[in-house]
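Survey of secondary and tertiary structure
These are the residues of each chain, in order.
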Amino acid sequence: MHVALTGATGFLGLRLLRRLLGTHPSVTVLAHAGSADALHRITRFFELTGSPEAFTAELPGRLRVVETDLAQPRLGLSGRSFQKLADGLGAIWHSAGSINLEGDLPELRRINVEGTRHVLELATAGRRAPLVRHVSTAFVAGSRRDGVAYEDELDDACGFENAYERSKYEAELLVHAWSRKHGRPALVLRPSILVTDLPPHPELPSHPLLVIERILRDARCTAGTEEPGGPAGRPLVRMVGRPRGRLNLLQVEHAAEVMTRLAGLTPSGGVDTYHVVHDRDVPVPTVVTLLERLVPLSIDLVAAKPDTPSALEALLDFYPGMTAYLAHRRRFDDTRVRTRLGPSAASAPVGLDYLWSGLALAPAPGACPAVLPSARYA
């Protein structure tokens, strides 16, 4: 069975590609048209993460790169090229998308929703009826901050913390509608926040938490130094959060392993949805300590927004999608994964030292970026 993968040069996509190359002789990479050379970026990832030289030398013969535009009908391909691509596939992994928490909804819909629609069109056109593996996010659970989020749930009753969550929710709705219309199975994989202890490198995809670090650093630099002081003379920032809150962070390599194993199970015939999450949440104070290590700030968790915010706090109000998660206490139920995969689905602990290892080469404290990071589209 030949498989195609979108987002193969992204943070998760590269790890999925590693797994897929372990079970498939070749993979078609649906790369974003106009981006840097996908084959080179993929090869550098494997080189930098210790793959044998013989393995990387074989990549040009094992990877077929097709430049596409997910936001366009037929992925921006001619009718003939689109049909030829579709007919050669037995499975499609859709991992590409924007994870910009601060993006506006129209742009996120263009990439995350319309991109999914066009990938489903590819699956529909294929004469071999290729299987669909759609990478979503556990955060389609929206802005409900307490209780348990179950895999069968998919609604917008509680709203969403940001446009990114809504766009991924709408993409999942498309997968369900497609499955019902065509009577075909689909696999939906909902990872939590993915992390690594691999140190940052300019030729590797950025660690997801570095986006938050850059936003905090940019806001601090924009606000200037005339800010109320916290411990050690650091500017004090009051953020709405819960000292007993928790976030789910999962090692990206483990997520890729679990996803590919779930893809090997016999489908039910409808949409099979799995939470790919850690079995132990990370306490919010641990995340706060990590952020304070990364950026010269002192963060104070408060129950409500300050009535008289400082200039820095007012700036951070422009980025509500970033700070909202510090108030979360909900849990993602992963009973299905643990039932299907057994004890091997459990993850090694994710603690402060692990998280710091993956971020330790971030910009030196006090350095101000020239611009905020743009949406990432892998």
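In this report, we go over the structure that sits alongside the text. This is a predicted model, so every value here is computed, not measured. (Residues numbered from 1 in each chain as written. Predicted model: local features only at pLDDT ≥ 70, side-chain atom pairs only at ≥ 80, totals over all residues. Heavy atoms only, no water.)

**As for the overall build of the protein**
- Broken down by element type, the protein carries 13 helices and 15 strands.
- Relative to the globule expectation of 21 Å for 378 residues, the C-alpha radius of gyration of the protein, 21 Å, shows essentially globular dimensions.
- Once the C-alpha set of the protein is aligned to its principal axes, its extents read approximately 65 × 45 × 40 Å.
- Evaluated residue by residue, the protein yields a buried proportion of 52% over its 378 residues.
- Of all intrachain contacts in the protein linking residues separated by at least 6 positions in sequence, the fraction that spans at least 24 positions is 83%. (Helix = DSSP H or I, 4+ residues; strand = E, 2+ residues; numbered from the N terminus. Rg over C-alpha atoms; globule rule 2.2 N^0.38 Å. Buried < 20%, exposed > 50% of the residue type's maximum accessible area, 1.4 Å probe, protein only. Contact = heavy atoms within 4.5 Å.)

**Some points on the sheet that holds strand S5 (residues 131-135)**
- Read from one edge to the other, the open sheet built from 7 strands follows the order S3-S2-S1-S4-S5-S7-S12, with strand pairing classed as parallel. Each having just a single partner strand, strand S3 (63-68) and strand S12 (271-276) make up the two edges of the open sheet. Averaged over neighbouring strand pairs, the angle between their axes works out to 20° when direction is ignored.
- As paired strands, strand S2 (residues 27-32) and S3 are joined by 6 bridges and run parallel to one another. When the bridges of S3 are listed, His-32 appears paired with Thr-68.
- Against the sheet, helix H2 (residues 38-48) touches S2 and S3, its axis set at about 130° to S3. (Pairing = 2+ DSSP bridges. Axes fitted to C-alpha atoms, helices over the stretch in contact; angles between N-to-C directions.)

**Comments concerning the packing of aromatic side chains**
- Following the criterion strictly, the structure yields 5 aromatic pairs and no others.
- With a centroid separation of 5.1 Å and an interplanar angle of 40°, the aromatic rings of Phe-160 and Tyr-169 are classed as tilted.
- Among the aromatic residues, those joined into a cluster by ring pairs are Phe-45, Phe-46 and Phe-55.
- The ring of Trp-356 has Arg-293 lying over it, and the distance from NZ or CZ to the ring centre is 5.5 Å. (Phe/Tyr/Trp six-rings, centres within 6.5 Å; stacked < 30°, edge-to-face > 60°. Lys NZ or Arg CZ within 6 Å of the ring centre and 35° of its normal.)

**Brief notes about helix H9 (residues 284-294)**
- Taken as a whole, H9 has its buried residues at Val-284, Thr-286, Val-287, Val-288, Leu-290, Leu-291 and Leu-294.
- Of the surrounding elements, those touching the buried residues of H9 are helix H7 (208-223), strand S10 (246-247), strand S13 (282-283), strand S14 (298-302) and helix H13 (352-357).

**Section: the pattern of salt bridges**
- One pass over the full model with this rule turns up 18 salt bridges.
- The salt bridge involving Arg-15 is made with Glu-253; its shortest N-O contact spans 3.3 Å. In this pair, Arg-15 is assigned in helix H1 (residues 13-23) and Glu-253 in helix H8 (residues 252-263), connecting sequence segments 238 residues apart.
- Arg-15 gets classed as buried once you look at its relative accessible area, which sits at 4%.
- Note that Glu-153 and Arg-144 form a salt bridge whose closest N and O atoms lie 3.0 Å from each other.
- The exposure class assigned to Glu-153 is partly exposed, which follows from its relative accessible area of 31%. (Salt bridge = Lys/Arg side-chain N within 4 Å of Asp/Glu carboxyl O.)

**Brief notes about the nonpolar core**
- The biggest cluster of nonpolar side chains holds 42 residues, and the ones touching the most others in it are Val-195, Leu-209, Leu-216, Leu-249 and Leu-355.
- Those elements that provide at least two residues to this core are helix H6 (163-182), strand S8 (193-195), H7, strand S9 (236-240), H9, S14, helix H10 (311-316) and H13.
- Per-element tally for this core: the top contributor is H7, with 7 residues.
- Counting 40 residues, the second largest nonpolar core, distinct from the first, contains Leu-17, Ala-31, Leu-204 and Ala-255. (Core = buried A, V, L, I, M, F, W, Y, C linked by side-chain atoms within 4.5 Å.)

**Here's the deal with unusual backbone geometry**
- Even without being a glycine, Arg-74 presents a positive backbone phi close to 55°.
- Within the secondary structure layout, Arg-74 lies in the loop between S3 and helix H4 (79-87).
- Non-glycine residue Ala-129 carries a positive phi angle of around 50°.
- For Ala-129, the position within the fold is in the loop between helix H5 (105-125) and S5.

**Concerning the packing of H1 against H8**
- Running from amino to carboxyl end, H1 crosses H8 at an angle of 45°, the nearest separation of the two axes being 9 Å. Judged on the interaxial angle alone, H8 and H1 are oblique. Crossing geometry of H1 relative to H8 is assigned as right-handed. Facing H1, whose interface residues are Arg-15, Leu-16, Arg-18, Arg-19 and Leu-20, H8 presents Val-252, Glu-253, Ala-256, Glu-257, Met-259 and Thr-260. (Parallel < 35°, antiparallel > 145°, perpendicular 65-115°, else oblique. Left-handed = near helix turned anticlockwise from the far one by under 90°.)

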